[in-house]
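Notes for the structure review
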Amino acid sequence: MIKNIIVLFIFTFVNTFYAQKIEKSKNELNSEKEDTRPPLPTTPESEYPSTPSKESKNHFGIGGFFVELGFYITLYTTIGDYRTENHLYNPLTPYPFFNGKSGNFEKINDTSILKKQLRFDIENHFLYSNSASFGSHLKGKFRPFQYLYIQTDYRELFERNNFTTSNSNLSLFQFNLGYDRIRFEKFNLGWTLGATYIANNVNKAGFSYGLNTDVFASKKLSFTSAMIWSKINGKPVNTFEIRGKYHQKNYFYSIGYENLRIASPSYNFVTFGAGIYF
């Protein structure tokens, strides 16, 4: 009798816990944002700013130098130097391994065959945590040339409470402009900037930024990972994904892992999917 009660308690607790995750994320994202800013300092009316001294002007000059230095370092880190980095001119391939060796970019040499500089990448993945927590992830990339691309991610999460037969869902959208800072034949690394939006009675958006990379390990096999950080109503909305891909002509099959942080709850999924290049 006691054993049956314990089993029933565990079953009820587990199902209730998973069913509350999505609702907890929604409630936290809809809660009022706390103002954590310190109070502004007050200046007595009798005090007025004095004329900058010679020493202050020297500090401004030094500060200006470091600002300019920081600007050039940031520009080189994020964009690169097109005068000295030949890999930045590597053309976009029609699809990975189209020639048996190149990934997203083809190394320019005497045997290179330049293909069309326009590509659509579409992939969809099934997300599975357990019988009560699952979802899907649809991703699309529009690459008009090798320099920039537009990426959209749409995740739909579902949770089912087998004890109460209730269901919850959450729609997560990410819209980003992407740039590959490194464009080698077997490896590319870049960043994204954009926005994250959550629907389902949350209806709020936030600025996002991220990093992503692709490694083309051997013929037909590649690995990819991506991280995007954002905040909505002061709460973190972060995504991380890593997966392996097996390529066949202009399509692939994949298996991987995704972690989502939506407010305080964390979601972990095994992923199975496929994609195609146009």
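Computed from a prediction, not measured in an experiment: that's the story for all the values here.

Quick notes on the sheet that holds strand S8 (residues 235-248)
- Strand order in the closed barrel formed by ten strands is S1-S2-S3-S4-S5-S6-S7-S8-S9-S10, and the pairing between neighbours is antiparallel. Strand-to-strand twist across the sheet, computed as the mean angle between neighbouring axes with direction ignored, equals 20 degrees.
- Two strands pair when backbone bridges link them, and S8 and strand S9 (residues 251-262) are joined in this way by twelve bridges, in the antiparallel orientation. Bridge pairing in S9 links tyrosine 246 to tyrosine 253.

Focus: unusual backbone geometry
- The backbone of phenylalanine 97 sits at a positive phi, close to 65 degrees, despite the residue not being glycine.
- Mapped onto the fold, phenylalanine 97 is located in the loop between helix H2 (54-78) and strand S1 (119-130).
- The phi torsion at alanine 263 lies on the positive side, around 60 degrees, for a residue other than glycine.
- Its location among the elements puts alanine 263 in the loop between S9 and strand S10 (266-277).
- The class of alanine 263 is buried, set by a relative accessible area of 2%.

Focus: the pairing of S10
- On S10, burial follows the alternation: Tyr267, Phe269, Thr271, Gly273, Gly275 and Tyr277 on one face are buried, whereas Ser266, Asn268, Val270, Phe272, Ala274 and Ile276 on the facing-out side are not.
- In terms of strand pairing, S1 meets S10 through eight bridges, oriented antiparallel. Paired with glutamate 123 across the two strands is glycine 275, which belongs to S10.
- Bridging between S9 and S10 involves eleven bridges; their strand directions are antiparallel. The partner of tyrosine 257 across the bridge, within S10, is valine 270.

Focus: the packing of aromatic side chains
- This structure, assessed with the given rule, holds 18 aromatic pairs.
- The interplanar angle of 70 degrees and the centroid separation of 5.4 Å between the aromatic rings of phenylalanine 71 and tyrosine 72 together place this pair among those described as edge-to-face.
- Owing to a relative accessible area of 48%, tyrosine 72 belongs among the partly exposed residues under this scheme.
- Plain terms: the ring middles of tyrosine 154 and phenylalanine 173 are 4.8 Å apart, the flat faces sit at 15 degrees to each other, and that makes the pair stacked. Highlighted residues: tyrosine 154 in strand S3 (residues 148-161) and phenylalanine 173 in strand S4 (residues 166-183), separated in sequence by 19 residues.
- In this structure an aromatic cluster arises from ring pairing among Tyr82, Tyr89, Phe145 and Tyr147.
- Of note, lysine 245 hangs over the ring of phenylalanine 252, and the distance from its end group to the ring centre comes to 4.5 Å.

Quick look at empty space enclosed by the protein
- Enumeration over the complete set of coordinates arrives at one cavity of 30 Å³ or more.
- As for the largest cavity, its lining consists of 25 residues, of which Glu123, Lys141, Asp214, Thr224 and Lys245 are closest to the centre.
- Sort the elements by how many residues they give to the lining of the largest cavity and strand S7 (residues 221-232) lands first, with six residues.
- Residue composition of the lining of the largest cavity, grouped by class: seven nonpolar, eight polar and ten charged.

A short note on the side chain of serine 25
- With respect to the helices and strands, the residue serine 25 is situated in helix H1 (residues 2-30).
- Here tyrosine 267 takes part through its side chain, which lies 2.8 Å from a polar atom of the side chain of serine 25.
- If we skip the residues at most four places from it in the chain, serine 25 touches Leu170, Ile262, Ala263, Pro265 and Tyr267.

Brief notes about a nonpolar patch on the surface
- Where nonpolar side chains cluster on the molecular surface, the patch consists of Ile62, Phe65, Phe66, Leu69 and Ile73 and spans about 500 Å² of accessible area.
- Positionally, phenylalanine 66 belongs in helix H2.
- Given the relative accessible area of 52%, phenylalanine 66 is considered exposed.

Description of the nonpolar core
- Within the largest apolar cluster, 15 residues are counted, with the highest numbers of intra-cluster contacts made by Leu29, Leu157, Ile198, Ile262 and Tyr267.
- When residues of this core are traced back to their parent elements, those giving at least two are H1, S4, S9 and S10.

Overview of the pattern of salt bridges
- Scanning all chains against the criterion turns up 13 salt bridges.
- For arginine 181, the salt bridge goes to glutamate 85, with nearest N and O atoms at 3.0 Å. You can see arginine 181 sitting in strand S4 and its partner glutamate 85 sitting in the loop between H2 and S1, a full 96 residues away along the chain.
- Since its relative accessible area comes to 11%, glutamate 85 is described here as buried.

Examining the pairing of strand S5 (residues 187-198)
- Summarising the sheet, S4 and S5 pair through eleven bridges and their orientation is antiparallel. The residue of S5 that forms the bridge with aspartate 180 is glycine 190.
- Between the antiparallel neighbours S4 and S5 lie three residues.
- Two elements, S5 and strand S6 (residues 204-218), share twelve bridges in a ladder whose sense is antiparallel. The residue bridging leucine 189 from the neighbouring strand is threonine 213, located in S6.
- Taken together, S5 and the strand that follows it, S6, pair antiparallel across an intervening segment of five residues, in which asparagine 200 is found at a positive phi of about 55 degrees.

Conventions adopted
- Residues numbered from 1 in each chain as written.
- Predicted model: local features only at pLDDT ≥ 70, side-chain atom pairs only at ≥ 80, totals over all residues.
- Heavy atoms only, no water.
- Pairing = 2+ DSSP bridges.
- Helix = DSSP H or I, 4+ residues; strand = E, 2+ residues; numbered from the N terminus.
- Axes fitted to C-alpha atoms, helices over the stretch in contact; angles between N-to-C directions.
- Buried < 20%, exposed > 50% of the residue type's maximum accessible area, 1.4 Å probe, protein only.
- Phe/Tyr/Trp six-rings, centres within 6.5 Å; stacked < 30°, edge-to-face > 60°.
- Lys NZ or Arg CZ within 6 Å of the ring centre and 35° of its normal.
- 1 Å grid on protein atoms, 1.4 Å probe; cavity = no way out; pocket = protein on both sides within 12 Å on 5 of 7 lines; lining within 4 Å.
- Points joined across faces, edges and corners; volume = space filled by probe spheres on them.
- Nonpolar A, V, L, I, M, F, W, Y, C, P; charged D, E, K, R; others polar.
- Polar contact = N/O pair within 3.5 Å; in protein donor to acceptor, adjacent residues only side chain to side chain.
- Contact = heavy atoms within 4.5 Å.
- Patch = residues over 30% accessible without salt bridge, like charges linked within 9 Å, V, L, I, M, F, W, Y side chains within 5 Å.
- Areas by Shrake-Rupley, 256 points an atom, 1.4 Å probe, with all protein chains shown as cover.
- Salt bridge = Lys/Arg side-chain N within 4 Å of Asp/Glu carboxyl O.
- Core = buried A, V, L, I, M, F, W, Y, C linked by side-chain atoms within 4.5 Å.

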